[in-house]
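Here is what each chain is made of, one letter per residue.
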Amino acid sequence: MEKKDLILLVEDNPDDLALTLRALKKSSIRNEVVVAKDGVEALDYLFPERNSQSFKKELPRLIVLDLKLPKVSGLEVLKRLRNDDRTKRLPVVILTTSNEKQDIIDCYDSGANSYIRKPVDFSKFYKIIHEVGSYWLSLNESSPWRRVI
Amino acid sequence: MNINSVKNAKPNIDQTTGTQSSSWLQKLKFWGTYLWEGPDFLSQALKLEWRFIVMRWLGIIIIAPGLFLFNLSHQQIIGAFVVLAIALVYNLILQYMLAKRSKLLISGYLVIFLDALLNVAMIIVAGGFDSPFYFIVYTVTVSAAMRYGYGPVLVMALLFVLSDVFEGMFFRQFLGSAFFLRSSWLILTAIIAGYLHEEAQEAKMALEEKLNQSNALNKELEAFSYSVSHDLRAPLRSIDGFSQALLEDYHEKLDDEGKDYLDRVRAASQRMAQLIDDLLDLSRVTRSNLHKENINLSDIAHSIINSLHEHKSNRNVDIKIKDDVTAFGDSRLVRVVLENLLSNAWKFTQKKPVAKIEFGTEKIEKEIVYFVRDNGDGFSMDYIDKLFGAFQRLHSMEEFEGNGIGLATVQRIIHRHGGQVWAHGEQGNGATFYFTL
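So, about the overall build of chain A. Across its full length, chain A holds five helices and five strands. Each of the 149 residues in chain A was classed as buried or not, and the buried ones make up 35%. Relative to all contacts within chain A whose residues are 6 or more apart in sequence, the contacts with residues 24 or more apart total 71%.

Written out as structure tokens, the structure is:
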């Protein structure tokens, strides 16, 4: 069986994490999900040279990024991703609670591919996750990327 | 307005001593304050102008008797008084304009220039003036004092006076009338201008401080609403999401009552999310910048009514929208105003067999007043003071849905445009909302 591409889910709220995973499961997205609980964890995963025990890691096909994160903010993570040749073309979907105009502008300026506001209504949230998954993981043709860093 | 300011500034005589002499003193104090502060409505800049005028009065009063101290010819004295009279009229006109709140078209510097012209003319007539150089020195000195304060200007004025003394000692009669007028005017005006400069400086600093404070406050508010939008919604998502999970995963274990409770939990969390969003929108209305332009309110009203028809059809509503109603305002925000007023009208007429909604204008005291009128449920005028408060509702949720934020938003937008909004209603008999922009 062909190995499925990875999703990197950056989310600090355990409830939101559980709900997102549930929505992924319910929309039959079988891809492996790597979870980072803050900006530092996300960067450590994506740039293994950042920590001493570096080992080869697989780059995700899709990054789902929350904005308000402990330590390093989502926007900061996005900027660092776009500054590195290995990750600059990885699709990044911002999934956040904020709909502040400035946040949306900042994200697109920093190279986000999509910006989605988490709805409170879980039925809507489920639909969103389903559509994000099917669009970015199967419909969209991603730029070729080196899977292993 | 003058009457108002008098009322405000007047100390309460009856409650203090009440004797004749103290009330006379109070009056004097009041007029002194009025002469110095000017009417209440003057802006800081205009207040300074007002004081300049008052100071000029003082100058005229001091200088005029001085004319008699010297041996002047009849023509010189008559000439001097003619100029003084012109100065009086000029001063009166300026003061009248300020007191009447009319916008001063002439800038401060033009006033100084005219002042200089006037004073020099006075000196020429009264004291035999010899050089146009004086005129330039006068203007430059006073302007510089307005800009840079006492220090450099007083030095300049003193140098000028010294040169006058020197000139008088060697070339003509020392301490002549021309010298008296020139130097006293110059020093007096330089001191006044310098003082006004200090005042302006202080006012500027106070203003800057205020601005800094309000900027800090704005930043804090922004951080607050950001945190509200992010942090307050997150728990709601958990409440809604896990209720849904219960409904799906434990479907068999829950009876109908249990499911109903969970449905209520979900409905409430979604309603609260809507409330948070509305509150955020309200705070954004006050924060965002105004982009004023000419807008066609009739077009906006038509498009709002069309979308109301699309979303909530199956209703028989008699709509009347006046053609070509225009206004000068922020089109996005004014649209929010009309959206709120028209959808309110739409909502509160839903129980009427024939609903009537009208948008039009009236002229009240030469001002165009826009209105939205309906024949819906209306409201009792007893509650008029609650009408525009945030989260205030005059109906139960069963009667009419809503969260009481619409009219608060309307009021904020109108106030930001410098307009006014008011309403008239009757319980069960329709309502009319008026606004100006």
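On we go.
This brings us to helix α5 (residues 122-139) of chain A. All names here are of chain A. With 18 residues, α5 should reach 26 Å at 1.5 Å per residue; the first-to-last C-alpha distance of 24 Å fits that figure. All of the buried residues in α5 are Phe122, Phe125, Tyr126, Ile129, Val132, Gly133 and Trp136. Looking down the long axis of α5, one finds its buried residues gathered within 130° of arc, a one-sided arrangement. Away from the buried face of α5 by more than 90 degrees, exposed residues Ser138 and Leu139 are located.

Regular strands place side chains that alternate from one sheet face to the opposite one. Residue and element names in this part refer to chain A. Both faces of strand β3 (residues 62-65) are covered, namely the face carrying Leu62 and Val64 and the face carrying Ile63 and Leu65. Bridging between strand β1 (residues 7-10) and β3 involves four bridges; their strand directions are parallel. Opposite Ile7, over in β3, you have Leu62 as the bridge partner. Where β3 and strand β4 (residues 92-96) come together, three bridges link them in parallel fashion.

In this section: the sheet that holds strand β5 (residues 114-117) of chain A. Residue and element names in this part refer to chain A. The sheet built from five strands is open, its strands ordered β2-β1-β3-β4-β5 with parallel pairing. With partners counted over all chains shown, the strands left at the sheet margins are β2 (33-36) and β5, one partner each. Adjacent strand axes in the sheet meet at a mean angle of 20°, parallel and antiparallel pairs treated alike. Note: β1 against β2, four bridges, orientation parallel. The residue bridging Leu9 from the neighbouring strand is Val35, located in β2. With respect to the sheet, helix α2 (residues 39-46) is in contact with β1 and β2, its orientation differing from that of β2 by roughly 130°.

Let's shift gears to the interface of chain A and chain B. With 16 residues of chain A at the contact, the number on the chain B side is 15 residues. Taken together, the elements giving at least two residues each to the side of chain A that touches chain B come down to α1 (14-26) and α5 of chain A. Of the residues forming the side of chain A that touches chain B, the biggest block, four residues, is contributed by α1 of chain A. When the residues that make up the side of chain A that touches chain B are grouped by side-chain class, the tally is four nonpolar, five polar and seven charged.

Turning our attention to unusual backbone geometry. Unlike most non-glycine residues, Lys71 of chain A shows phi in positive territory, near 65°. Secondary-structure assignment places Lys71 of chain A in the loop between β3 and α3 (74-82). Given 14 C-beta atoms within 10 Å, Lys71 of chain A falls into the partly exposed group. Backbone geometry places Asp324 of chain B, a non-glycine residue, at a positive phi of 50°. Tracing the sequence through the fold places Asp324 of chain B in the loop between β2 (317-321) and β3 (326-330).

A few words on the packing of helix α9 (residues 256-287) of chain B against helix α12 (residues 406-416) of chain B. All names here are of chain B. Contact pair α9 / α12: the axes reach a minimum separation of 9 Å and the direction vectors enclose 5°. By the criterion of interaxial angle, the relationship of α9 to α12 is roughly parallel. In this structure, α9 uses Asp281, Leu282, Val285 and Thr286 to contact α12, whose residues at the interface are Ala408, Thr409, Arg412, Ile413 and Arg416.

Residues and elements named next belong to chain B. Spatial strand order, β2-β4-β5-β7-β6: five strands in an open sheet with mixed pairing. The open sheet has two free edges, formed respectively by β2 and β6 (421-425), since each of these has just one partner strand. Pairwise comparison of adjacent strand axes, ignoring direction, gives a mean angle of 20° for this sheet. Across five bridges, the pairing between β6 and strand β7 (residues 431-435) is antiparallel. Its bridge partner being in β7, Trp422 is matched across the sheet by Tyr434.

A few words now on helix α11 (residues 331-348) of chain B. With 18 residues, α11 of chain B should reach 26 Å at 1.5 Å per residue; the first-to-last C-alpha distance of 25 Å fits that figure. Of the positions making up α11 of chain B, those classed as buried are Leu333, Val334, Val337, Leu338, Asn340, Leu341, Leu342, Asn344, Ala345, Trp346 and Phe348 of chain B.

On to the packing of α2 of chain A against α3 of chain A. Residues and elements named next belong to chain A. The N-to-C vectors of α2 and α3 enclose an angle of 20°; their axes lie 9 Å apart at closest approach. In this view, α2 runs roughly parallel relative to α3, as classed from their interaxial angle. Crossing geometry of α2 relative to α3 is assigned as right-handed. From α2, Gly39, Ala42, Leu43 and Leu46 reach across to α3, where they touch Gly74, Glu76, Val77, Arg80 and Leu81.

What follows is about the pairing of β7 of chain B. Residues and elements named next belong to chain B. The two faces of β7 differ: Ala431, Phe433 and Phe435 on one face are buried, but Thr432 and Tyr434 on the other face are not. Sheet analysis places strand β5 (residues 367-374) next to β7, joined by five bridges and oriented antiparallel. Within β7, the residue paired with Tyr370 across the bridge is Phe435.

This part takes up the confidence of the model for chain B. Residue and element names in this part refer to chain B. Averaged over all residues, the pLDDT of chain B is 73; the fraction at 70 or higher stands at 57%. Ranking the helices and strands of chain B by mean pLDDT puts β7 first, with 92, and helix α1 (residues 2-9) last, with 39. Here residues 102-108 is modelled with pLDDT under 50, and outside its nearest four sequence neighbours on either side it reaches eight contacts, counting other chains as well. Within the model, pLDDT remains below 50 along residues 126-132, and this stretch shows 17 contacts once partners closer than five positions in the same chain are excluded. The ipTM assigned to the predicted complex is 0.79, against a pTM of 0.55.

Attention now moves to the nonpolar core. All names here are of chain B. Ala301, Val337, Leu338, Leu341 and Leu342 are the most contacted members of the largest nonpolar core, which totals 37 residues. Where this core is concerned, the elements lending two or more residues are α10 (297-311), α11, β4 (355-364), β5, α12, β6 and β7. It is α11 that provides the largest number of residues to this core, a total of nine residues.

Residue and element names in this part refer to chain B. Within the secondary structure, Val285 sits in helix α9. With 20 C-beta atoms packed within 10 Å, Val285 lands in the buried category. C-alpha of Val285 to C-alpha of Val410: the two residues are 125 residues apart in sequence and 9.4 Å apart in space. Excluding its chain neighbours within four sequence positions, the residues that come into contact with Val285 are Leu333, Thr409, Arg412 and Ile413.

Reading the values: rules and limits
- Along each chain, the written sequence defines residue order, and numbers are assigned to residues from 1.
- For this description, chains carry letters from A and ligands carry numbers from 1, given in the order in which they are written.
- Whole-chain, interface and lining totals are the exception, using all residues; otherwise, since this is a predicted model, local features are given only for residues with pLDDT of at least 70 and side-chain atom pairs are given and counted only at 80 or more.
- Only DSSP runs of H or I covering at least 4 residues are called helices, and only runs of E covering at least 2 are called strands; the numbering of each starts at the N terminus.
- Here a residue counts as buried when 20 or more other C-beta atoms sit within 10 Å of its C-beta, as exposed when there are 12 or fewer, and as partly exposed otherwise, the C-beta atoms being derived from the backbone.
- In this description, a residue-residue contact is defined by the distance between C-beta atoms placed from the backbone, which must lie within 7 Å.
- Here the expected length of a helix is defined as 1.5 Å per residue gap, with one fewer gap than residues.
- Regarding the arc, it is the one traced by the directions from the helix axis to the C-beta atoms.
- Strand pairing is assigned whenever DSSP identifies at least 2 bridges connecting the two strands.
- Axes here mean lines fitted to C-alpha atoms, for a helix over just the part in contact, with angles spanning 0 to 180 degrees between N-to-C directions.
- Only Asp, Glu, Lys and Arg are considered charged, only Ala, Val, Leu, Ile, Met, Phe, Trp, Tyr, Cys and Pro nonpolar, and every remaining residue, Gly among them, polar.
- If an angle is under 35 degrees, it is roughly parallel; if it is over 145, roughly antiparallel; if it lies from 65 to 115, roughly perpendicular; otherwise it is oblique.
- Here is the rule for handedness: rotate from the far helix to the near one, and if that takes an anticlockwise turn smaller than a right angle the crossing is left-handed, while a clockwise turn gives right-handed.
- Values of pLDDT, the confidence the predictor places in each residue, fall between 0 and 100.
- Put simply, a nonpolar core is buried Ala, Val, Leu, Ile, Met, Phe, Trp, Tyr and Cys residues tied into one set by C-beta atoms within 7 Å.

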